[in-house]
Amino acid sequence: LIMAAVSVVGCHKTEVKVDRPASAQGFPAADRPVSQIRSNAFSTEARRDSVNEARLVMAMAAIQPGMTVADIGAGEGYYTVRLAPMVGARGRVLAEDIDRAVLVRLGDRVARDRLDNISIIQGDEADPHLPDGSFDRIFLVHMYHEVREPYAFLWHLRPALRKNGRVILVDSDRPSDAHGIPPAQAFCEFAALGFRLTQFVRKPEITGYYAQFELAGGRPSATAIKPCKDTVNNNAKAILP
């Protein structure tokens, strides 16, 4: 392992950080704790439907027939299978997760329900592996607080948006190691990658808040990204909408 982590050229040593995925090398590390992935199911589907969670979020995101939507961290597919009929036969839904086992179960569900407008891919911790210029909306629902490499993740995600596309973030206003992320922290991290906040709403039905982002300016190089300080542990204050 030590030999794999160090390459020797003449008298010079180049250290490679083996505890981060290759797709995160060169990007700033997160200055905040990260929640452990405890389950692929945020809550029961029946409970979420009882408060019309998906319907509310899809309405705020203005999902229309013919759109192409990515559901990142799709898990068991709560949003995936509800987005499919909303975008219709002319639209597409791409479900992504890093857990291969859960994607197999989701694939079985998609096949059983004959949802022909859904595709499934596996991403990694720092890169969702989305095709460029493909999506009108990208959903990050109750999963962003588990992203260990937010700057690399957003950098790789950014080119996947179409012109006028939006990223939809739904999360809980809790410390980032307690299965949530303070809005100010999320806003800062998205801004560091050239996203602009266009909508922010707190709603108990979604167990937290809804935030919507659009592209603003060019994508920064990895070395130009300015990492955000932990707004909870460092007691930083921010003005929220």
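Relevant structure appears above.
If you're wondering where the values come from, they're calculated on a predicted model, not measured in any experiment.

Would you mind going over the side chain of Ser134 in detail, with residue names and values included?
Its place among the elements puts Ser134 in the loop between β5 (118–122) and β6 (135–141). A relative accessible area of 17% means that Ser134 is categorised as buried. Engagement of the side chain of Ser134 in a polar contact is seen with the backbone oxygen of Pro131, the distance being 3.2 Å. Not counting residues up to four positions away in its chain, the partners in contact with Ser134 are Thr68, Ala160 and Arg162.

Could you give me a rundown of the packing of helix α6 (residues 150–157) against helix α7 (residues 183–192), with the residues and numbers involved?
The axes of two packed helices give the description: the angle between them and the distance between them. Running from N to C, α6 and α7 point in directions that differ by 55°, and their axes come no closer than 9 Å. When the axis of α6 is compared with that of α7, the two are oblique. By crossing handedness, the relation of α6 to α7 is classed as right-handed. For the pair α6 and α7, contact is made by Pro150, Tyr151 and Leu154 and by Glu189, Phe190 and Ala192, respectively. For the contact of α6 with α7, the per-class residue count stands at 5 nonpolar, no polar and 1 charged.

Any chance you could break down the state of the cysteines for me, citing the residues and the numbers?
Covalent bonding between the sulfur atoms of two cysteines defines a disulfide. The final tally for this structure, using the stated rule, is 1 disulfide. Each sulfur in the disulfide pair Cys188 and Cys228 lies 2.1 Å from the other. Taking the torsion about the S-S bond as the criterion, the Cys188 to Cys228 disulfide, at about -100°, is left-handed. Residue Cys188 is located in helix α7, and its partner Cys228 is located in the segment after β9 (208–215); the two are separated by 40 residues in the primary sequence. Residue class for Cys188 comes out partly exposed when judged on its relative accessible area of 32%.

Definitions and cut-offs
- Residues numbered from 1 in each chain as written.
- Predicted model: local features only at pLDDT ≥ 70, side-chain atom pairs only at ≥ 80, totals over all residues.
- Heavy atoms only, no water.
- Helix = DSSP H or I, 4+ residues; strand = E, 2+ residues; numbered from the N terminus.
- Buried < 20%, exposed > 50% of the residue type's maximum accessible area, 1.4 Å probe, protein only.
- Polar contact = N/O pair within 3.5 Å; in protein donor to acceptor, adjacent residues only side chain to side chain.
- Contact = heavy atoms within 4.5 Å.
- Axes fitted to C-alpha atoms, helices over the stretch in contact; angles between N-to-C directions.
- Parallel < 35°, antiparallel > 145°, perpendicular 65-115°, else oblique.
- Left-handed = near helix turned anticlockwise from the far one by under 90°.
- Nonpolar A, V, L, I, M, F, W, Y, C, P; charged D, E, K, R; others polar.
- Disulfide = S-S within 2.5 Å.

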